[in-house]
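# A closer look at the structure
In case you want the letters, here they are:
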Amino acid sequence: MTPKVLDVWVYLSTTPLLGLTITLLVYQGAFWVYQRANFNPLLNPVALAVATLVLLLSLTGTPYQTYFDGAQFVHFLLGPATVALAIPLYAQLDKLKRLLVPLLAALLAGALTAIVSAVGIAWLLGASRTTLISLAPKSVTTPIAMGITEKMGGLPSLTAVLVVATGIIGAVTAKYVLDFLRVRDHSVRGFAVGVAAHGIGTARAFQVSEEAGAFAGLAMGLNGLATALLFPLLIWLFG
Amino acid sequence: MLGAITLLLVYQLVGEVIALVFKLPVPGPVIGMLLLFLTLLARGSIGEGLRNTANGLLSHLSLLFVPAGTGVMVHLARVADEWVPIVAALIGSTVLTIAVTALVMRALMSRRERT
């Protein structure tokens, strides 16, 4: 019996089917836990799913590349999902027009804070240059951040990890930070989370309200744009 | 649904081509998003199919980050070596960014309301 089980495992572990299925199963399990906990931000589903997957892959000795051969089909959807953000954005058109100046000012302030404070803190604490560059675009969504890092000589795959970690931290802390500052308007709360914590923050905002989600999605798209433009400029200024 | 998915992919593709041809520092999907937004502005409505597909895709947005996040296992050594600056930078910068963005936006909004 044992050799047969082993044969099945050897076969399955080389097809993309397993990586894809396990990603969907583990995520839905994590989301179920999150839902049962009344969407407590501390039980972020991305964090739970990533921790479970890392544990499973380590226990079975599966290399990340083998897993990603299957999981890439999920990863690929980040592109069309980014394009799809145009729709909630358009749905908020009236509010968007009214708030154009505050939105653009907040975007610029937030985008600069995200880059400068991340690099500044890590530099003060002695991080290497590769880590600094990989860290800089941490607040923008994965495909954008990876593209930026690649052009600037960082490690795109490390950036992807730091981006996801940032998203989780933002989704977990936003409620407490914004409550502490007594920020109540859902458009402001959503926009702040979207600038700081891209798609994971946006997913969290959509769970709170449609309006927060739309502004988070808007912020995520705009910050992708702003960081992609600001980053080469900052590198040129500070080398 | 098939039409809407195709539409999203076509906009992404056009975005990628524009980014490549004009050597823009902005990634293709973001250009695709801008183009789709401009199209919706010109058309004046979203359409049932597109709205449903976009909602479906965006309601599971956080799932899409799981494969990239799992890549942490490849970088465990670097993260372990530099965990103090990395963790401090991620938490400090994220909290600071949320606070600065919210405060700037709120300040400008209430000033506009007052005038």
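Residues numbered from 1 in each chain as written. Chains lettered and ligands numbered in written order. Predicted model: local features only at pLDDT ≥ 70, side-chain atom pairs only at ≥ 80, totals over all residues.

## Some remarks on the overall build of chain B
Counting secondary structure elements, chain B contains 6 helices and 0 strands. Scanning chain B from its N terminus toward the C terminus, one meets helices and strands in the order α-α-α-α-α-α. The C-alpha atoms of chain B give a radius of gyration of 20 Å, which is well past the 13 Å a tight globule of 115 residues would have. Dimensions of chain B, computed from C-alpha atoms along their principal axes, come out at roughly 50 × 50 × 30 Å. The 115 residues of chain B split such that 45% are buried. For chain B, contacts bridging at least 24 residues in sequence account for 31% of all contacts bridging at least 6. (Helix = DSSP H or I, 4+ residues; strand = E, 2+ residues; numbered from the N terminus. Rg over C-alpha atoms; globule rule 2.2 N^0.38 Å. Buried ≥ 20, exposed ≤ 12 C-beta atoms within 10 Å, placed from the backbone. Contact = placed C-beta atoms within 7 Å.)

## Quick word on the overall build of chain A
A count of helical and extended segments in chain A gives 13 helices and 0 strands. Each helix and strand of chain A, placed in order from N terminus to C terminus, yields the pattern α-α-α-α-α-α-α-α-α-α-α-α-α. In terms of C-alpha radius of gyration, chain A reaches 19 Å, essentially the compact-globule figure of 18 Å for 239 residues. Taken along the three principal axes of its C-alpha coordinates, chain A extends 70 × 45 × 30 Å. For chain A, the residues scored as buried account for 53% of the 239 residues in total. Long-range pairs, those at least 24 residues apart, make up 64% of the contacts in chain A with a sequence separation of at least 6.

## Overview of the interface of chain B and chain A
With 63 residues of chain B at the interface, the matching set in chain A holds 93 residues. Secondary-structure elements contributing two or more residues to the side of chain B that touches chain A are α1 (2-21), α2 (28-43), α3 (48-59), α4 (66-70) and α6 (83-114) of chain B. For the side of chain B that touches chain A, the element with the highest residue contribution is α6 of chain B, accounting for 25 residues. Counted by class, the side of chain B that touches chain A contains 45 nonpolar, 13 polar and 5 charged residues. (Nonpolar A, V, L, I, M, F, W, Y, C, P; charged D, E, K, R; others polar.)

## Quick notes on unusual backbone geometry
Residues and elements named next belong to chain A. Of note, phenylalanine 39 is a non-glycine position whose phi angle comes to about 55 degrees, a positive value. For phenylalanine 39, the location among the structural elements is in the loop between α2 (16-36) and α3 (45-60). Residue classification places phenylalanine 39 among the partly exposed positions, given that 14 C-beta atoms sit within 10 Å. Unlike most non-glycine residues, histidine 198 shows phi in positive territory, near 35 degrees.

## A closer look at the packing of helix α10 (residues 142-152) of chain A against helix α11 (residues 156-180) of chain A
All names here are of chain A. Two numbers describe how α10 lies on α11: the axes approach to 8 Å, and their chain directions differ by 140 degrees. In the packing of α10 onto α11, the handedness of the crossing is right-handed. Here Thr142, Ala145, Met146, Thr149 and Glu150 of α10 come into contact with α11, specifically with Pro156, Thr159, Ala160 and Val163. (Axes fitted to C-alpha atoms, helices over the stretch in contact; angles between N-to-C directions. Left-handed = near helix turned anticlockwise from the far one by under 90°.)

## Topic: the nonpolar core
Membership of the largest hydrophobic core comes to 115 residues, with the highest contact counts inside it found for Ala84, Ala86, Val164 and Phe191 of chain A. Residue contributions to this core peak at 14 residues, all from α11 of chain A. (Core = buried A, V, L, I, M, F, W, Y, C linked by C-beta atoms within 7 Å.)

## Remarks on the domain arrangement of chain B
Examined at the domain level, chain B breaks down into domain 1 (1-59) and domain 2 (65-115). A C-alpha centroid distance of 27 Å is found between domain 1 of chain B and domain 2 of chain B. (Domains from an automatic or database assignment.)

## A short note on the packing of α11 of chain A against helix α12 (residues 186-208) of chain A
Residue and element names in this part refer to chain A. Two elements in contact, α11 and α12, have axes separated by 7 Å at closest approach and are oriented at 135 degrees. In this view, α11 runs oblique relative to α12, as classed from their interaxial angle. Relative to α12, α11 is oriented so that their crossing is left-handed. When α11 is examined against α12, the residues Val163, Val164, Thr166, Gly167, Ile168, Gly170, Ala171, Ala174 and Leu178 are found in contact with a partner set consisting of Arg189, Ala192, Val193, Ala196, Ala197, His198, Gly199, Ile200, Gly201 and Arg204. The residue inventory of the contact of α11 with α12, partitioned by class, reads 11 nonpolar, 6 polar and 2 charged. (Parallel < 35°, antiparallel > 145°, perpendicular 65-115°, else oblique.)

## Points about the domain arrangement of chain A
How big an interface is tends to be expressed through the accessible area that disappears when the partners come together. All names here are of chain A. Domain boundaries in chain A define domain 1 (1-76) and domain 2 (80-239). For domain 1 and domain 2, the distance between their C-alpha centroids amounts to 27 Å. Residue classes in the side of domain 1 that touches domain 2 are distributed as 6 nonpolar, 1 polar and no charged.

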